[in-house]
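# Per-entry structural report
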Amino acid sequence: MFHKNVLSSLRSVSPQQLPASSQPSNRIALVSSTGGVPPQKKPSPLFDLICIAAPRCSSFFAEAAVLVLVLALLDRFMLKGRMELNWVVSAFTISLTLLAASIFTDFSSRRWLQRH
């Protein structure tokens, strides 16, 4: 990467800006040992898997949070005809836990992908 910047800066200097002395230049130019373009780093299969799976897992947890709350409350209401406070609190707790897992998965996957 550095050698591209050095070579492009050397090319951007016009011949009129260079000193006319015959002394050797003090510039350092880096050249790759292979003589060509450095090989591009291939992303690992694990990186690709995380790129694909992270948003889907986050969406899964968010959808599960809504479905648990709605379907559990409807099921309880249809079976018993009344709601008990303990049962409602536990349904909300499970739903909020799944929602927190969704947020945590999305946040941590984005930070990990930005670092790699």
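Structure: above.
Note that this is a predicted model, so its numbers are computed, not measured.

Calculation notes
Residues numbered from 1 in each chain as written. Predicted model: local features only at pLDDT ≥ 70, side-chain atom pairs only at ≥ 80, totals over all residues. Heavy atoms only, no water. Helix = DSSP H or I, 4+ residues; strand = E, 2+ residues; numbered from the N terminus. Buried < 20%, exposed > 50% of the residue type's maximum accessible area, 1.4 Å probe, protein only. Contact = heavy atoms within 4.5 Å. Areas by Shrake-Rupley, 256 points an atom, 1.4 Å probe, with all protein chains shown as cover. Expected span 1.5 Å × (residues − 1). Axes fitted to C-alpha atoms, helices over the stretch in contact; angles between N-to-C directions. Parallel < 35°, antiparallel > 145°, perpendicular 65-115°, else oblique. Nonpolar A, V, L, I, M, F, W, Y, C, P; charged D, E, K, R; others polar. Patch = residues over 30% accessible without salt bridge, like charges linked within 9 Å, V, L, I, M, F, W, Y side chains within 5 Å. Salt bridge = Lys/Arg side-chain N within 4 Å of Asp/Glu carboxyl O. Phe/Tyr/Trp six-rings, centres within 6.5 Å; stacked < 30°, edge-to-face > 60°.

For the rest of this paragraph, the subject is the overall build of the chain. Summing up its helical and strand segments, the chain has three helices and zero strands in all. The buried share among the 116 residues of the chain stands at 14%. Here the contacts in the chain between residues at least 6 apart in sequence split such that 61% fall between residues at least 24 apart. Carbon together with sulfur atoms contributes 65% to the accessible area of the chain, which is approximately 9800 Å² in total.

This part takes up helix H2 (residues 45–80). Between its terminal C-alpha atoms H2 stretches 50 Å, which fits the 52 Å expected from 36 residues at 1.5 Å a residue. The elements touched by buried residues of H2 are helix H3 (85–115). Backbone geometry just downstream of H2 places Gly81 in the positive-phi region, at approximately 80°.

Two elements in contact, H2 and H3, have axes whose closest approach is 9 Å; the angle formed by their N-to-C orientations is 170°. Between H2 and H3, the interaxial angle falls into the category roughly antiparallel. Its residues assigned to classes, the contact of H2 with H3 comprises 24 nonpolar, five polar and two charged.

To continue, consider a nonpolar patch on the surface. The grouping of Val66, Leu67, Val70, Leu71, Leu74, Phe77, Met78 and Met83 at the surface amounts to a nonpolar patch, some 800 Å² of accessible area in total. Within the element layout of this structure, Val70 appears in helix H2.

With that out of the way, let us pick up H3. In this model H3 runs 45 Å from its N-terminal to its C-terminal C-alpha over 31 residues, within 8% of the 45 Å that 1.5 Å per residue would give. Of the positions making up H3, those classed as buried are Val88, Ala91, Ser95, Leu98, Ser102, Thr105 and Ser109. Where the residues of H3 are buried, they touch H2.

A few words on the pattern of salt bridges. Throughout the structure, instances matching the rule amount to one salt bridge. When the shortest N-O distance is used, the salt bridge between Asp106 and Arg110 registers 3.3 Å. Taken together, the residues Asp106 and Arg110, both in helix H3 and four residues apart, mark about one turn of the helix. Residue classification places Arg110 among the exposed residues on the basis of a relative accessible area of 53%.

Quick look at the packing of aromatic side chains now. As enumerated under the stated definition, the model contains two aromatic pairs in all. On the basis of an interplanar angle of 35° and a centroid distance of 6.0 Å, the ring pair of Phe47 and Trp112 is categorised as tilted. Placement of Phe47 in helix H2 and of Trp112 in helix H3 is noted, with a sequence separation of 65 residues between them. Exposure remark for Phe47: the relative accessible area of 21% places this residue in the partly exposed category. According to the relative accessible area criterion, Trp112 is partly exposed, its value standing at 25%. Centre to centre, the rings of Phe60 and Phe61 are 5.7 Å apart; their planes meet at 55°, and the pair counts as tilted. Judged by relative accessible area, which is 24%, Phe61 ranks as partly exposed.

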